[in-house]
Amino acid sequence: MPSRRIIAAMVAILLVSGSMLGIVAGSISESEPSINTSAVPSDGPDYGVNNSTFQRLWSEDNDKENQLDENGISENRSSRAKFASRLARSTDIPFSEPPQATEKWNQGDFGDYTHGSDDASVHPEAATLEDGVYIRDAYVSIFAVQPSTILHQGNETTQYVAPDGEVLALSDYRVAVPQDDRTGSHRERWSVSQTSIESVELSVDSRTVDVEDGHQAALTYGSLSETSRLTVEAKIVVELRRLTLECPEWDNSTSSCNGDWDRESETTDASKTVSTSRDVVVNRISDTAGQQVRFDADQNRVGAVVHPNTEWSTIAVDGDVRVRSNWWFYTAGRSGWQTMVTSTARDTSHTESSVRPVQVHAFPSQEEAYIPTELTEGGERPLAIEEAWGTEHSGPALPPNIDIAAANRYGNADSIALSSSHLDGSAFRDVTVQGIVRGQTQTVSLSDQQTVRETNLDMTVVEANATHAVIRASVTENASGKAVTTGRVAIGNQTVALNTSGIGVTTISTPSTVIRGEYTSAPWWLTDQPYAASNDVTELPANFPAFQTLIRLIVVTILWFVPVAALVFGFDYMSGGTLLGLSNRT
């Protein structure tokens, strides 16, 4: 049996074309759909969505791990369609960006809806039905808001939309016609003269933005900002005709009219307004900011700091050179649409739905932001991520039937620092940020520019003795000689901050003869004026021997002097003091 790694490799080649498959993991709970419907619509692929992508759209299906055993792979090796189907039934495969296929599918499937007749309302199982006097089982449902992405963050979900988009809405109803009275001298006959969905109105925060009519309405909106409530209202109107028959010469014995019936016709108008709402948030990538960075010490190196300040999927800095965020995507059918219900005055019936909207979802993966671009000829990435930072969050709990592993805890990359020694100096002049909603991109000009300036560290010994030394450190800019007033200098086992004159003074204990220091600034992506690191070396003056040197001198002196003194004294003693006169033997 092939390993999961082999399967993942085959997926990468056949389906994903570079998507990250390491986040495909997890377990599935089995559940029986109502009336034996499948999570995967039986009428696909269609509407220009190819088979491989179609199979990946329905992540809420019941996955079975044995679909890609050795026999299954061998059997379907010659058929990409069969392999895609088996793979999709084995696990769920994320997308690296919001797929356009969801909108293609929704547009096509939306047109497949067939409404009921005057005496039958056809509605999805999840629809909220309302009744009036003559209008029954009325509803309006939002089939899709697109483009949009549902973001999973912690225990909450938020539907993000682009500022401009559309709402696809379906509505239906049935007419409750009063029963006829066909006995006696006074009789009534009811019929439906005409019915219609007079208007389907889309409003944004109580402001009407588009109006259509009919059972299917494609409503557009534009220029949304921040959080908005989208409300769809459908006004249903019905005209009933009541024919009244009166017999002037009614024969009670025969229960019949002996003459002509007097006829009178009148109409009754009725209306019912039904509504549904959806709260959405605009993914505002228009707030993206940043600046370019140059390096005095390396003219071939360029960089940039980009602040999308929201969730994003990719940042393009030079054509195909891109950065991928830690947000990935899966798609699933919207709940409540697998079964379509037909309601009449007598009963209800259930059938597998032929209209199945699909929705894009975003989740934080276990992978951090990375560079998907191909390596250079030298085997290096053309772009490097110095750091990505932002707010920390707990990972979401995805629905149990989604076979994808999300991060347990993650940092949202609100800002990211990039650098390159391979791209041209103008590469970061403009960057293009793609949001988590399909088609939502923003090209930002990074007109502001910073320079990581070279520095010079100069250390001098102010005071020193056998036990300590006072060191003065001064840091200046190489080019201008101006004092550098930010950052710290590490000297021995001490660090000291620079003052407003670019000077720091510290005392180190038991100094060695050679003293080394290093100046470091805050990372260039976290400061308004970045500086490069610099080093310096100084020595203690000769008249101020270091404590270790004094100890060594004393030890060596003792070790040499005592044996020599003992030897000389011994010779003098043996000579009776005649050698040096140190002893007196008589």
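Further up the page is the structure itself.
Per chain, residues are indexed from 1 in the order of the written sequence. With the structure being a predicted model, the display of local features is reserved for residues of pLDDT at least 70 and the display and counting of side-chain atom pairs for 80 or more, all residues being used for whole-chain, interface and lining totals. Computation of side-chain values covers all heavy atoms of the structure but excludes hydrogens and water.

**Considerations on the sheet that holds strand β14 (residues 321-324)**
Read across the sheet, 4 strands follow the order β14-β13-β23-β24 without closing on themselves; strand pairing throughout is antiparallel. The outermost strands of the open sheet, each flanked by one partner alone, are β14 and β24 (441-445). The sheet shows a mean angle of 20° between the axes of neighbouring strands, direction not considered. Each pair of strands is called paired provided DSSP finds at least two bridges between the two strands. Only DSSP runs of H or I with at least four residues qualify as helices, and only runs of E with at least two residues qualify as strands; both kinds are numbered from the N terminus onward. Where strand β13 (residues 312-318) lies against strand β23 (residues 430-435), 4 bridges are found, and the strand directions are antiparallel. Within β23, the position partnered with Ala316 by the bridge is Thr432. The axes are straight lines fitted to the C-alpha atoms, using for helices just the contacting stretch, and the angles between their N-to-C directions are given from 0 to 180°.

**A closer look at the pattern of salt bridges**
For salt bridges, the criterion is a side-chain nitrogen of Lys or Arg within 4 Å of an Asp or Glu carboxyl oxygen. Per the stated rule, a full pass over the model turns up 13 salt bridges. Residue Glu188 pairs with Arg242 through a salt bridge whose shortest N-O separation is 3.5 Å. Of this pair, Glu188 sits in strand β4 (residues 186-204) while Arg242 is found in strand β7 (residues 227-246), placing the two residues 54 residues apart along the sequence. With its nearest N and O atoms 2.9 Å apart, the salt bridge here joins Arg453 to Glu477. A residue pair is termed long-range when its members are at least 10 positions apart, and Arg453 in the loop between β25 (449-452) and β26 (455-464) and Glu477 in strand β27 (residues 468-477) qualify at 24 residues. For every residue, the accessible area (1.4 Å probe, protein chains only) is compared with the maximum for its type, and the residue is labelled buried under 20%, exposed over 50%, or partly exposed between those bounds. With relative accessibility at 31%, the residue Arg453 sits in the partly exposed group. Connected through salt bridges with shared partners, the residues Glu188, Arg242 and Glu266 form a single ionic network.

**What about the packing of aromatic side chains?**
Only centres within 6.5 Å qualify two rings of Phe, Tyr or Trp (six-membered ring in Trp) as a pair; their planes then separate them into stacked at under 30 degrees, edge-to-face at over 60, and tilted for everything else. This structure, assessed with the given rule, holds 12 aromatic pairs. Where Trp524 meets Trp525, the ring centres are 5.1 Å apart and the plane angle is 85°; that geometry is what we call edge-to-face. For Trp524, a relative accessible area of 9% puts it in the buried group. Residue Trp525 is classed as buried on the basis of its relative accessible area, which comes to 14%.

**What about the nonpolar core?**
Val167, Tyr173, Tyr221, Leu224, Leu230 and Val232 are the most contacted members of the largest nonpolar core, which totals 30 residues. Among the secondary structure elements, those contributing two or more residues to this core are β2 (135-153), β3 (156-175), β4, β6 (216-221), β7 and β10 (262-282). Element by element, the count of residues in this core is highest for β7, at 6 residues. Here, nonpolar core means buried Ala, Val, Leu, Ile, Met, Phe, Trp, Tyr and Cys residues that are tied together by side-chain atoms lying within 4.5 Å of each other. One finds Ala413, Ala427, Val433 and Leu446 within the second-largest nonpolar core, a separate group that totals 21 residues.

**Focus on the side chain of Ser420**
Structurally, the position occupied by Ser420 is in strand β22 (residues 415-420). Overall, Ser420 belongs to the buried group, its relative accessible area being 4%. N or O atoms closer than or at 3.5 Å make up a polar contact, with two conditions inside protein: a donor-capable atom paired with an acceptor-capable one, and, for residues adjacent in sequence, both atoms drawn from side chains. In this structure the side chain of Ser420 is engaged in a polar contact, spanning 2.5 Å, whose partner is the backbone oxygen of Pro382. Separated by 3.0 Å, the side chain of Ser420 and the backbone nitrogen of Leu423 make a polar contact. Two residues qualify as a contact provided that any one of their heavy atoms is within 4.5 Å of a heavy atom in the partner residue. Ignoring sequence-local partners within four residues, the contact set of Ser420 consists of Asn300, Arg301, Val302, Pro382 and Leu383.

**Considering helix α5 (residues 101-110)**
Of all the 10 residues making up α5, 8 are buried; the element is thus mostly covered by neighbouring parts of the structure. Buried residues in α5 make contact with α2 (51-56), β2, β3, β6, β15 (327-333) and β18 (358-364).

**Concerning the sheet that holds strand β16 (residues 339-343)**
For sheets, the rule is that strands pair by backbone hydrogen bonds, running either parallel or antiparallel. Overall, antiparallel pairing links the 3 strands, which are arranged β1-β16-β17 in an open sheet. The sheet is open, and its two edges are formed by β1 (121-124) and β17 (348-352), each paired on a single side. Direction aside, the axes of adjacent strands within the sheet are offset by 25° on average.

**A short note on the pairing of β22**
Burial runs high along β22: 6 of the 6 residues are buried. Judged by which residues are buried, β22 turns out to be covered on both faces: Ser415, Ala417 and Ser419 on one side and Ile416, Leu418 and Ser420 on the other are all buried. As paired strands, strand β19 (residues 384-389) and β22 are joined by 5 bridges and run antiparallel to one another. Within the sheet, the bridge partner assigned to Ile385 lies in β22 and is Leu418.

**Focus on unusual backbone geometry**
Here the bond from Gly44 into Pro45 is cis, since omega is 0°, no more than 30 degrees from zero. Geometrically, the link from Gln146 to Pro147 is a cis peptide bond, its omega value of -5° lying close to zero. With respect to the element layout, Pro147 can be found in strand β2. Its identity as a non-glycine residue notwithstanding, Ser255 has a phi of 55°, on the positive side. Here Ser255 lies in the loop between β8 (250-251) and β9 (256-257).

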